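# Reading the structure
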Amino acid sequence: MGFPTINLARTGANIVRLRKAAGLTVHDLQAVFGFNSPQAIYKWQNGTALPTVDNLIVLAALLQVRIDDILITDNAVA
């Protein structure tokens, strides 16, 4: 039996959609997270990296959604 896996590209697109729906810019997120540059946020949005669990918790709170609403999974086939 397979387990679900996180789809990085679809999760990244979802982060963009949720961020825009919340009226936040990439630079808004950069300021909240205290990043020196917006590079990490662009990586999340491009699907090349995922936020850490700690950052996911903060991101979910900022976007007023659950972590499950941010992550998009592909159901693995048995």
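### A few points about the side chain of Q45
As for its placement among the helices and strands, Q45 is situated in helix α3 (residues 39–46). Taking relative accessible area as the criterion, Q45 reaches 11% and is therefore assigned buried. Within polar-contact distance, the side chain of Q45 engages the side chain of R19 at 2.7 Å. In this structure, Q45 is in contact with G12, A13, I15, V16, R19 and V26, ignoring residues within four places of it in sequence.

### So, the nonpolar core
Core analysis: the largest hydrophobic core is formed by 12 residues, namely I15, L18, V26, L29, F33, I41, W44, L56, L59, A60, L63 and I70. When residues in this core are grouped by element, the largest group, four residues, is from helix α4 (residues 53–63). Excluding residues within four positions of it along the chain, I41 makes contact with V26, L29, Q30 and F35.

### Here's the deal with the environment of V32
Summarising the element assignment, V32 is placed in helix α2 (residues 26–33). Separated by 27 residues in the primary sequence, V32 and L59 have C-alpha atoms spaced 9.4 Å apart. Apart from residues no more than four positions distant in its own chain, V32 is found in contact with V58 and L62.

### Some details on α4
Regarding α4, the residues found buried are N55, L56, L59, A60 and L63. In an axial view of α4, the angular spread of the buried residues amounts to 140°, which keeps them on one side of the axis. Residues of α4 that are exposed and point more than 90 degrees away from the buried face comprise D54 and A61. Where α4 is buried, its residues touch α1 (8–21), α2, α3 and α5 (67–70). Once α4 ends, the next one or two residues include Q64, with phi positive near 55°.

Procedures and definitions
- Sequence positions are assigned chain by chain, starting from 1 and proceeding in written order.
- pLDDT decides what is reported in this predicted model: residues at 70 or higher carry local features, side-chain atom pairs at 80 or more are listed and counted, and totals for whole chains, interfaces and linings draw on all residues regardless.
- Based on all heavy atoms of the structure, the side-chain values leave hydrogens and waters out of the count.
- We count a stretch as a helix when DSSP gives it H or I for four or more residues in a row; a strand needs E for two or more, and each element gets its number in order from the N terminus.
- The rule is simple: take the accessible area with a 1.4 Å probe, protein chains only, and divide by the maximum for that residue type; under 20% is buried, over 50% is exposed, in between is partly exposed.
- Under this definition, polar contacts are N or O atom pairs within 3.5 Å; protein pairs additionally need one hydrogen-donor-capable and one acceptor-capable atom, and for neighbouring residues in sequence, both atoms have to be side-chain atoms.
- In what follows, residue pairs with any heavy atoms lying within 4.5 Å of each other are defined as contacts.
- For this analysis, a nonpolar core means a set of buried residues of the types Ala, Val, Leu, Ile, Met, Phe, Trp, Tyr and Cys, connected via side-chain atoms within 4.5 Å.
- In this context, the arc is that of the directions from the helix axis out to the C-beta atoms.

The analysis is restricted to geometry; functional conclusions fall outside its scope.
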